[in-house]
Protein chains: 2
Amino acid sequence: MDFILPMEKHSKLYRYKYLALYHALREAIHEGTLPEGTRLPSTRELAALYGVSRGSVYQAYDMLHGDGYIRSAAGSGTYVSGAAPQLAEEPRRGAEIELSAWGRTLTGPLSGMKKTRPDMGGMISFTDTGPSLDLFPLAEWKSAIAAAVREELDASALMLEDAAGDIELREAIAAHLRRSRGIAADAEHICLFNGSMQALALLTQLLLGQGEPAVLENPCYTGISRAVAACGGIAVPAPVDGEGIVPRDWDARLLFVTPGRQFPTGAVLSPARRRELLAWAARRNAVIIEDDYDSEFRFAGRPLEPLKALDREERVVYVGSFSKTMFAALRIGYAVLPPSLVQPVIRAKALYEPVSPARLEQRALARFMRRGEYARHLRRMRRYYGEKHEWFRALMQKHAGELFELQPSDAGLHIYARWRGLAEDYELFREAAIAGGVQFRDTADYQWAPGAPAACFSFAHLDQEQMKEGIRRMADVWKVILSRRK
Amino acid sequence: MDFILPMEKHSKLYRYKYLALYHALREAIHEGTLPEGTRLPSTRELAALYGVSRGSVYQAYDMLHGDGYIRSAAGSGTYVSGAAPQLAEEPRRGAEIELSAWGRTLTGPLSGMKKTRPDMGGMISFTDTGPSLDLFPLAEWKSAIAAAVREELDASALMLEDAAGDIELREAIAAHLRRSRGIAADAEHICLFNGSMQALALLTQLLLGQGEPAVLENPCYTGISRAVAACGGIAVPAPVDGEGIVPRDWDARLLFVTPGRQFPTGAVLSPARRRELLAWAARRNAVIIEDDYDSEFRFAGRPLEPLKALDREERVVYVGSFSKTMFAALRIGYAVLPPSLVQPVIRAKALYEPVSPARLEQRALARFMRRGEYARHLRRMRRYYGEKHEWFRALMQKHAGELFELQPSDAGLHIYARWRGLAEDYELFREAAIAGGVQFRDTADYQWAPGAPAACFSFAHLDQEQMKEGIRRMADVWKVILSRRK
């Protein structure tokens, strides 16, 4: 049987085989490659032909059948149908639609998302920011989810305050922050978000007017700069050194800061500077947004108190998230708010979400925390990541110590490393590394102005062998570059 | 034992007994009602005292213990601790924080949420907008959730396009719309949202500039008017009659419309007017946002094609949701977008959510739809609601026919009813009805200018006896009003 489908193209577009097959068959029918009346291969034949399961072929055929693309004749097989579905028309592009000024600011790349899959073509990727799932307590999580399914259906539980999210989870977070962070948090001052980025973006919208300045660390997380730009705000980059952000008397009323572990450098903000920032906020009647994105995993030393714990005047918003402590797809973040911001934030969130989404996961997480599973998981992962952190440092210093100078750090899931050589060599090396099967994050993406070249290495998702292989590849790539020069 | 807790106050604030108890005990300790060293009742005693389960007392004690409010002495009971936790300080209100212009527009009530609980004090409530759960296929839903839990953890599945939501669910929605709505939808043009309100708010932000006009139906869903106000847009209210919105040559480039079943009147937009709206959009280079919020449940007649199915120039955005067809807490909505809007919408959504939240429910729903469970559930509920719809009409006409004139309708989960009497009597009646144990939605909330009094009666969540009782109460209330006049 002569049978060719555009499978390669659709396999790249769709990560599920049955979807790739469905779209490939549909395209072949539209294009006339499979004209009306063509007898299609049996599920067994097609499965063998494209190396997919028979179940995938069944699903694809079932979808095409539902759409009217194919028909079955009892006992004699499956045929391309005569009734061309409405969809057979040429796709219409239509008129270009004009966007609002806000819409037009949303250019730039979609940062915060992975652009590559770590397993693609055997690439060793230090760019993946998600946690390791090796020790994830799946049975306990499944049990918490199962218990929450029934509760979630109970619509009578939806009440006015529900844009802020599930009250039990907010209580559990408050208890966790009181115990582990020294933050005198109350559930009623906590609002849940779909990841910390939603908190950052909505707070910016709520606090920053068109043309007003906001102070950002340089370098900083790109999501924050996009949030500031989207509001028409003016970003004021503040330098960062080994003790974190360098305080000044900025003429601004909004500051974003990562005191626990500066992103991406990993610097811990010194106590003196913490006090200075709070004094600045009091003087300027300003709000500080403290993004504690990555400090649950501390391998050594005692954590410093967050700004929020020292915040006597209620000027600090503390933002946290579970995407790094649980798993990447769990988009639950939260903010501890000054009392006067609680109602405005709930109103802002309710404009988009009168009732909080992902109640099922919120209720399951509340149960998981209440049962002590979360605290147990954190303790276990802290040891596990601590070990990985040590391996990575040791392996890097041994095999790639001449390339990068690792910044000291005693927490978190990535290490910041300054390039020891020339800037142009860094560019050369980075591109050659990708060709050589290893990639890492370039911190130029986080900088406001070109600075000294540096890289971020995430290690949490890799095992010792993978780290070793990745570092070996970097060393090899560098050797090749050097040898070519000779 | 002399033991009084402020339980009544906290029972109103917290819907879970252990939380009410925890906060009541905490307050009593702060207030000095329970001074240091006080021996607390045993779990058994306290459970009996406040009519809660021993498990709730355990949980409350456990939380207080974790916070340091109480201590246990082996064999001798539980005591109020001496170490006053940091939280014992007076709550600090701090400085009033100034909001951005955007933040200041977010006044008005938080509509879209229930302000009352339907079961509170035996109230019969026709205000509840959620679906009935009587026939919800819980076992099938649980099975779909269980299957999705493992998949969700697979972080490697998170890719660039994931702000738009799970691709399998988008495919399942596209197939559903092709079959049941005649919309030539493709998964790549569908973006998932956390309920339809997020779609409406983000699209408004993306399309409507400061000071620009947007056409809204009068009356219309309050969420839309809030979205327009938040963008600084100017709402142009368009009159609605028995055939839906009355088309005009509005000088605007954005129109919100509910053609399938006008909200709240229930009018179905005539075919001629559908064509007029599309012609207007072509002439004005405008975008039409079609909110198909409530048309899955059609009891009689054939549905008309949505505007989107007739949209040859790609000017229509079709918005739908699962909150009414599945259950109220499932906040999954979607929009079918013109191709040129796909990237801008994904960028707008990614500003808040680089990765879509509620992946677990998205993947479970995809599975539920693919297995045919969703179509089966819709068919079953269509018959069930059709019956309820008939009961309600018959009961209302029989017992409260002199009060309200029910609008004709053959779909949806609520009935719009014009008040037959004087406007001042309507106000009197509405307040007396609440006192008499029955409530309904006042459509004045949806109007731009005071119009003839009318009410919305949601019936989906009530059984025949509850409807009868609610209608009887209304009739009784009216009798009392009339008798007092004599």
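Residues numbered from 1 in each chain as written. Chains lettered and ligands numbered in written order. Predicted model: local features only at pLDDT ≥ 70, side-chain atom pairs only at ≥ 80, totals over all residues. Heavy atoms only, no water.

Per an unreviewed UniProt entry, chain A is named Transcriptional regulator, and its organism is Paenibacillus woosongensis. Regarding chain A, the UniProt comment filed under Sequence similarities (unreviewed entry) reads as follows: "In the C-terminal section; belongs to the class-I pyridoxal-phosphate-dependent aminotransferase family." Recorded under Cofactor (unreviewed entry), the UniProt text for chain A is reproduced unchanged: "pyridoxal 5'-phosphate". (UniProt positions renumbered as here; feature names shortened; annotations may be inferred.)

Asks: How would you explain the packing of helix α7 (residues 167-181) of chain A against helix α2 (residues 17-31) of chain B if you had to name every residue and give the values?
Replies: Helix-helix packing is described using two parameters, namely the angle between the two axes and the distance between the axes. Between α7(A) and α2(B), whose axes approach to 11 Å, the crossing angle comes to 45°. Taken together, the axis directions place α7(A) and α2(B) in an arrangement best described as oblique. Our pair here, α7(A) against α2(B), has a crossing hand that is left-handed. The segment α7(A) lies against α2(B), with I167(A), E168(A), E171(A) and R178(A) engaging Y18(B), L19(B), Y22(B), H23(B) and R26(B). (Axes fitted to C-alpha atoms, helices over the stretch in contact; angles between N-to-C directions. Helix = DSSP H or I, 4+ residues; strand = E, 2+ residues; numbered from the N terminus. Parallel < 35°, antiparallel > 145°, perpendicular 65-115°, else oblique. Left-handed = near helix turned anticlockwise from the far one by under 90°. Contact = heavy atoms within 4.5 Å.)

Asks: Can you explain the environment of A358(B)? Please cite residues and give values.
Replies: With respect to the helices and strands, the residue A358(B) is situated in the loop between α11 (339-352) and α12 (359-370). Residues A358(B) and R331(B) lie 27 residues apart in sequence; the distance between their C-alpha atoms is 8.6 Å. Among residues more than four places away in sequence, those in contact with A358(B) are A358(A) and E361(A).

Asks: Quick rundown of the pairing of strand β5 (residues 190-193) of chain A? Include the residues and the values.
Replies: All names here are of chain A. Alternating positions in β5 separate into two faces, I190 and L192 on one and C191 and F193 on the other, with burial throughout. Examined bridge by bridge, β5 and strand β12 (residues 333-336) share 4 bridges and lie antiparallel to one another. Counted as the bridge partner of F193 is G333 from β12. (Buried < 20%, exposed > 50% of the residue type's maximum accessible area, 1.4 Å probe, protein only. Pairing = 2+ DSSP bridges.)

Asks: I'd like a rundown of the sheet that holds strand β3 (residues 77-80) of chain B, residues and numbers included.
Replies: Residues and elements named next belong to chain B. Reading across from one edge, β1-β3-β2 is the order of the 3 strands in this open sheet, with antiparallel pairing throughout. Of all the strands in the sheet, just β1 (39-40) and β2 (70-73) have a single pairing partner and so form its edges. Direction of pairing for β2 relative to β3: antiparallel, over a ladder of 4 bridges. By the bridge assignment for β3, R71 is matched with Y79. Sitting on the sheet, helix α4 (residues 54-67) is in contact with β1, β2 and β3, with an inclination near 105° to β2.

Asks: Explain the nonpolar core to me, and be specific about the residues and the numbers.
Replies: Counting residues in each nonpolar core, the largest one holds 84 residues, and the members touching the most others are I289(A) and I289(B). Those residues in contact with I289(B) that lie beyond four places of it in its chain are L200(B), L203(B), L207(B), L254(B), L255(B), F256(B), V257(B), V317(B) and V319(B). The next biggest cluster of nonpolar side chains, apart from the first, holds 82 residues, and it includes F136(A), A144(A), Y334(B) and Y384(B). (Core = buried A, V, L, I, M, F, W, Y, C linked by side-chain atoms within 4.5 Å.)

Asks: An account of the domain arrangement of chain A is needed here, citing residue identities and associated values.
Replies: Residue and element names in this part refer to chain A. On domain assignment, one finds that chain A holds domain 1 (7-88), domain 2 (120-130 + 376-485) and domain 3 (138-371). Taken together, the contact between domain 2 and domain 3 spans 26 residues of the former and 26 residues of the latter. Sorting the residues of domain 2 by area buried against domain 3 places D410, Y446 and W448 first, and these three jointly supply 30% of that buried surface. Run the count over domain 2 and domain 3 and you get 1 salt bridge. Between R298 and D410 there is a salt bridge whose closest N-O contact spans 3.0 Å. Where domain 2 packs against domain 3, one counts 11 residue pairs in polar contact (both at pLDDT 80 or more). Listed by contribution, the elements that provide at least two residues to the side of domain 2 that touches domain 3 are α13 (373-400) and β14 (414-419). In terms of residues, the side of domain 2 that touches domain 3 owes the most to one element, α13, which gives 8 residues. In terms of residue class, the side of domain 2 that touches domain 3 is built from 10 nonpolar, 11 polar and 5 charged. (Domains from an automatic or database assignment. Buried area = accessible area lost by both parts, 1.4 Å probe. Salt bridge = Lys/Arg side-chain N within 4 Å of Asp/Glu carboxyl O. Polar contact = N/O pair within 3.5 Å; in protein donor to acceptor, adjacent residues only side chain to side chain. Nonpolar A, V, L, I, M, F, W, Y, C, P; charged D, E, K, R; others polar.)

Asks: Please set out the sheet that holds β14(A) residue by residue, giving values where relevant.
Replies: All names here are of chain A. Spatially, 4 strands are ordered β13-β14-β17-β16 in an open sheet, and the strand pairing comes out antiparallel. Strand pairing shows two members of the sheet lacking a second neighbour, β13 (404-406) and β16 (441-442), which therefore form its edges. Relative to strand β17 (residues 454-458), β16 runs antiparallel, the two being bridged by 2 bridges. Each bridged residue has a counterpart across the sheet, and for D442 the counterpart in β17 is A455.

Asks: Just give me the short version of helix α3 (residues 43-50) of chain A, but keep the residues and values in it.
Replies: For an α-helix, 3.6 residues make a turn, and residues three or four places apart therefore share a direction. Residues and elements named next belong to chain A. All of the buried residues in α3 are T43, L46 and A47. Looking straight down α3, one finds its buried side chains confined to an arc of 100°; they lie on one side. Of the exposed residues in α3, the ones pointing more than 90 degrees away from its buried face are R44 and A48. Its buried side turned inward, α3 meets α2 (17-31) and α4 (54-67). Immediately beyond the C-terminal end of α3, within one or two residues, lies G51, with a positive phi of roughly 60°. (Arc of directions from axis to C-beta.)

Asks: How would you sum up the side chain of T325(A)? Please name residues and give values.
Replies: Residue and element names in this part refer to chain A. If you trace the backbone, T325 turns up in the loop between β11 (316-321) and β12. Polar contacts involving the side chain of T325 include one to the side chain of Y374, which spans 2.9 Å. In this view, T325 contacts E296, F297, Y374, H377 and L378; residues no more than four positions away in its chain are not counted.

Asks: Kindly report on α12(B), identifying the contributing residues and their values.
Replies: End to end, α12(B) covers 16 Å across 12 residues, agreeing with the expected 16 Å (1.5 Å per residue, within 8%). Counting buried positions over the 12 residues of α12(B) gives 11, a clear majority of the element. Among all positions in α12(B), only R359(B), L360(B), E361(B), Q362(B), R363(B), A364(B), L365(B), A366(B), R367(B), F368(B) and M369(B) are buried. In this structure, the buried residues of α12(B) make contact with α6 (138-153) and α12 (359-370) of chain A together with α6 (138-153), α7 (167-181), β5 (190-193) and α13 (373-400) of chain B. In the stretch just after α12(B), G372(B) is the one whose phi turns positive, near 85°. (Expected span 1.5 Å × (residues − 1).)

Asks: Can you explain the pattern of salt bridges? Please cite residues and give values.
Replies: One pass over the structure, following the stated rule, counts 59 salt bridges over all chains. Between R363(A) and E168(A) there is a salt bridge, and its shortest N-O distance comes to 2.8 Å. Of the two residues, R363(A) is situated in helix α12 and E168(A) in helix α7; the sequence distance between them amounts to 195 residues. Exposure remark for E168(A): the relative accessible area of 6% places this residue in the buried category. One salt bridge in this structure joins R370(B) and E168(B), with 2.9 Å as the shortest N-O distance. One end of the pair, R370(B), is in helix α12; the other, E168(B), is in helix α7, and 202 residues separate them in sequence. Overall, R370(B) belongs to the partly exposed group, its relative accessible area being 30%. It is possible to trace a salt-bridge network through shared partners that takes in E151(A), D166(A), E168(A), R359(A), R363(A), R367(A) and R370(A).

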